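Listed below, chain by chain, are the residues.
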Amino acid sequence: MKYLKQVVVRFAAPRCLNMLLSWLSWLSLAYLLSSLLAPAAYALDHINLQLKYLHQFQFAGYYAALEKGYYQQAGLDVQISEGKNGSEPLDNVLAGRSQFGVGSSSLLLARHAGKPVVVVGVIFQHSPYVLLTPQTGPTQTIHDIVGQRVMLAAQSEEVLAYLKKEGISLDSIIQVEHSFDPKDLINGKVYGFSAYATNETDFLEQTGFAYQAYSPRSAGIDFYGDNLFTSEQEIANHPARVKAFRDASMRGWQYAMSHTEEISDLILAKYSQRNSREHLLYEAKQMMPLVQPVLVEIGYMNPGRWQHIGEVYTELDMLPKQFTLQGFLYDPNPPPDLRWLYRSLAAGIALTLIAWLIHLKRLNQERRQAQELIKLSEERLNFAMEGAGYGVWDWDVGSGTVLFSERWREMHQIAHDAPLADWEQWIHPDDLKSVKNTMNDYLNGKTKAYISEHRALNQDGSWLWVVDRGKVVSRDSDGHPLRVVGTHVDISERKQHEAMLRQLNEKLESRVEERTRELSQAMEQVIQSEKLVSLGSLVAGISHELNTPIGNTLMVASTLNDKIGELNTMVLSGSLSRSSLNHSLQECQEASALIVRNTLRSSELINSFKRVAVDQTSERRRTFDLNILVQDILNTLGPALRRAKVEVAVQIAAGIEMDSFPGHLEQILSNLVMNSLHHGFDQKTTGHTGHISISAQQLQERIELLYQDDGMGIAKELQHRVFEPFYTTKLGQGGSGLGLSIVYNLTHAIFKGQVLLESEPGQGVRMVFNIPAVTPAA
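Residues numbered from 1 in each chain as written. Predicted model: local features only at pLDDT ≥ 70, side-chain atom pairs only at ≥ 80, totals over all residues. Heavy atoms only, no water.

Visitor: For this particular structure, what's the right way to read the overall build of the protein chain?
Guide: What the protein chain contains, in helices and strands, is 26 helices and 22 strands. Relative to its full complement of 778 residues, the protein chain shows a buried share of 42%. Long-range contacts, defined here as pairs at least 24 residues apart, represent 73% of the contacts in the protein chain between residues at least 6 apart. (Helix = DSSP H or I, 4+ residues; strand = E, 2+ residues; numbered from the N terminus. Buried < 20%, exposed > 50% of the residue type's maximum accessible area, 1.4 Å probe, protein only. Contact = heavy atoms within 4.5 Å.)

In structure tokens, the structure reads:
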């Protein structure tokens, strides 16, 4: 190294070095431009992507890449073809009908069989394949499928590997052609059903079917899932196109996993309505821990992980021991072809030395990058462990010392600096023997993993149910374990749920009744809150409506007082004539009449407000005239109606009486009017007058109340949501989203009636209420 530095100093004269650097810069710029312009050659290339199955959120990233224009930006015209039985991707890619496909980890088996497939990227870091069976009891195991009818899908080799590892041969079960219909499991047509944990489980849960899901991961078979692959021929003939398609696809997956609701709506609108929006969102939620978009870059695949998958296949006699991954894994960032650079640097030793220096610098960069990746992986691991709520313990077998992580201490309410007793004292006495036997069996090689469910002591003396999983991480030269590291998970909640399930039938009715009562109380609180808002509006209405008649009365009384003073002066001075007296008396009579009219108007308004206030602040039931009640509530809303330039026409015949709750009916009418003012007339042209019509008729023992306005109306796609609580188009602008929800609940719960909404955009709103004239007793 010392000699190398001397040579570099000797030959790297400043002038020569500057010329070389300038020359290299031009060559690098030319190479960069050629790389950037390369995709243009494939601007119109047609690509076919073959999916494994039908359109669903499982393939969301590809839809996002297509619809967001990522493929087009990469110069690709992409067509996405759905599959039916899972075998189409491999067949079509090898036949050249598709350039890319989506397959399982069994692609490794196909590669060994001589099929020139290459995995381009991994979507699922953990395969979602599971084997579903009916839930039969606490002693149920995977071995219960022996002798049963089982549906196993194509491309589910990891499930086959799982069965083989559990010692279950295919000859011991009755294989049935897969229907992909979970009803066959529910109806008992089959006992076993291979499925995706992200898909069919939602249907089973929706139907209330109790099922047991067996994952190959429980046996250490942790495969990749939904691998994007292509052929060797495609990579050889179109390397830039392969890279462009991969980059655009992974960009689409990043977007899809960050915008699950938007992509679910996109699938429904453009690809398939086979599944509901709720199911697509369920599928997206279940995919999160399997894809791990936060912890792992989408598309990333670890060669060591593929090596592990191959070793699992080898253990199960599905691959030979000397299998190879050469040519199977695609490198999205291969090193550039620098042969032209080497030929250019062959002119002299100086250039060769510079090339070596560049190479050494690159090695240092790669080492730093590797170190950064290791650090990042460790941070992701710690983040994943903490996020999953896992405690960690580290046992030095020789000394017997056990170190516990901070999360382990938090789980047991132990301060981070508090000393810990011997680990055996933290295990329930009834479980200690079983824990020891399980650990000894693992350390002696009788089992392949240490897994123990037992009770562990808390600092406060209570007990937690936990599951410990451990693995030997170092051994001595004789193979004896030196160090064991494991995870520690609180499963108390799961144990509680298991106990609760045993009592579910007994407690179900009481729980439903309790929830119903809580909902009723919550709704009553919401209604009371809305009543307080209405009372606030009532006070404002009283102030505004009484201002005019009281002001007129005060002004006329003041004028009358001045006129009487003038008469008194004229009498004292002796200048009062008969004509002056008659004129003054006439003015006094007119003033008195104005005072009487304005006082009567004030009295009428006060009586109207009083009736509304009494009704809205109490829940008393009484007999009332419907027309009078409507007029009273409109009086309180007068200022708001006039500010909005809205006219109200009432067509209710006198004599329609109801025996009901006037306060609740006033609240319905007030919410309807305010909803029209806030939403229906919000964008009407200034200067135009809005109109509201309220009419009613008696149909034998029921009342039909019709409310309608000529406002903006409600779009068809929103009408099914207007009665939902907290749904509003005025979020952040004063709208609570409770007005029409309260209208709906009062109509059905209090009045035992129905409400029908009719509306067209630009044609206003029409609501028809049908309620009993005499409200039935609760």
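Visitor: Could you clarify how one ought to interpret the sheet that holds strand β13 (residues 450-457) in this entry?
Guide: Within a beta sheet, neighbouring strands are joined by backbone hydrogen bonds and run either parallel or antiparallel to one another. One open sheet holds the five strands; their spatial order is β12-β11-β15-β14-β13, and the pairing between them is antiparallel. Unpaired on one side and paired on the other, β12 (402-404) and β13 mark the two borders of the sheet. Averaged over all neighbouring strand pairs, the angle between strand axes comes to 25°, with direction disregarded. Taken strand by strand, helix α18 (residues 429-443) contacts β11 (391-396), β13, β14 (463-475) and β15 (481-490), and its axis lies near 155° from that of β13. (Pairing = 2+ DSSP bridges. Axes fitted to C-alpha atoms, helices over the stretch in contact; angles between N-to-C directions.)

Visitor: Help me understand the sheet that holds strand β17 (residues 646-652) in this model?
Guide: Strand order across the open sheet formed by five strands is β17-β19-β20-β22-β21, with mixed pairing between neighbours. The strands lining the two open edges of the sheet, one partner per strand, are β17 and β21 (754-759). Adjacent strand axes in the sheet meet at a mean angle of 15°, parallel and antiparallel pairs treated alike. Note that β21 and strand β22 (residues 765-772) share six bridges and pair antiparallel. Residue pairing across strands places L757 opposite M767, the latter belonging to β22. Together, β17, β19 (690-699) and β20 (702-709) form the strand contacts of helix α22 (residues 626-636), whose direction differs from that of β17 by roughly 170°.

Visitor: What is the right way to read the packing of aromatic side chains from this model?
Guide: The geometry of an aromatic ring pair is captured by the separation of the ring centres together with the interplanar angle, meaning the angle of the planes. This model, assessed by the stated rule, comprises 13 aromatic pairs. Ring centres of Y53 and F180 lie 5.6 Å apart, and the angle between their planes is 55°; this geometry places the pair in the tilted category. With Y53 in the loop between β1 (45-50) and α3 (60-67) and F180 in the loop between β7 (174-176) and α8 (183-186), the pair connects residues that are 127 residues apart, well separated along the chain. Through successive ring pairs, a cluster of aromatic residues spans Y71, F100 and F245. For R305, the ring lying beneath its charged end belongs to Y224, and the centroid distance is 4.3 Å. Across from the ring centre of W465, 4.5 Å away, lies the NZ or CZ of K495, which sits over that ring. (Phe/Tyr/Trp six-rings, centres within 6.5 Å; stacked < 30°, edge-to-face > 60°. Lys NZ or Arg CZ within 6 Å of the ring centre and 35° of its normal.)

Visitor: Would you take a moment to explain the packing of α3 against helix α11 (residues 239-258) for this structure?
Guide: To describe two helices that pack against each other, one gives the angle between their axes and the distance between the axes. Two elements in contact, α3 and α11, have axes whose closest approach is 7 Å; the angle formed by their N-to-C orientations is 105°. Taken together, the axes of α3 and α11 lie roughly perpendicular to each other. Every residue of α11 that contacts α3 at A60, G61, Y62, A64 and A65 is listed here: A248, S249, G252, W253, Y255 and A256. (Parallel < 35°, antiparallel > 145°, perpendicular 65-115°, else oblique.)

Visitor: Looking at this model, I keep getting lost on unusual backbone geometry. Mind explaining?
Guide: For residues that are not glycine, phi is negative in most cases, and the peptide bond is trans in most cases. Even without being a glycine, D226 presents a positive backbone phi close to 50°. Along the chain, the position of D226 falls in strand β10 (residues 225-231). The phi angle at K752 is positive, at roughly 55°, despite the residue not being glycine. Tracing the backbone through its elements, the reader meets K752 in the loop between α26 (739-750) and β21.

Visitor: I tried to follow the side chain of E157 on my own but got confused; where do I start?
Guide: Within the secondary structure, E157 is located in helix α7 (residues 157-165). No salt bridge forms around the buried E157; measuring N to O, its nearest opposite-charge neighbour K52 is 8.3 Å away. Each residue touching E157, except ones within four places of it in the same chain, is listed here: S104, S106, L109, Y313 and M318. (Lys, Arg positive; Asp, Glu negative; His and termini not counted. Salt bridge = Lys/Arg side-chain N within 4 Å of Asp/Glu carboxyl O.)

Visitor: How should I be thinking about the pairing of strand β3 (residues 100-103) in this particular structure?
Guide: Looking along a regular strand, one sees side chains alternate from face to face of the sheet. Along β3, one buried face is formed by F100 and V102 and the opposite face, lined by G101 and G103, is buried too. Here two bridges tie β1 to β3, and the two strands are oriented parallel to one another. Looking across to β3, one finds that L49 is bridged to F100. Across three bridges, the pairing between β3 and β10 is antiparallel. Within the sheet, the bridge partner assigned to G103 lies in β10 and is N227.

Visitor: Whenever I open this one, the nonpolar core confuses me. Can you help?
Guide: Generally speaking, nonpolar side chains in soluble globular proteins are found buried as a group. Counting residues in each nonpolar core, the largest one holds 44 residues, and the members touching the most others are L49, F57, Y62, F245 and I263. No other element matches α11, which puts nine residues into this core. Not counting the four nearest positions on each side in its chain, L49 is found in contact with Y62, Q79, I80, S81, F100, G101, V102, L228 and F245. In this structure, L634, I668, V673 and L740 belong to the second largest nonpolar core, which totals 42 residues. (Core = buried A, V, L, I, M, F, W, Y, C linked by side-chain atoms within 4.5 Å.)

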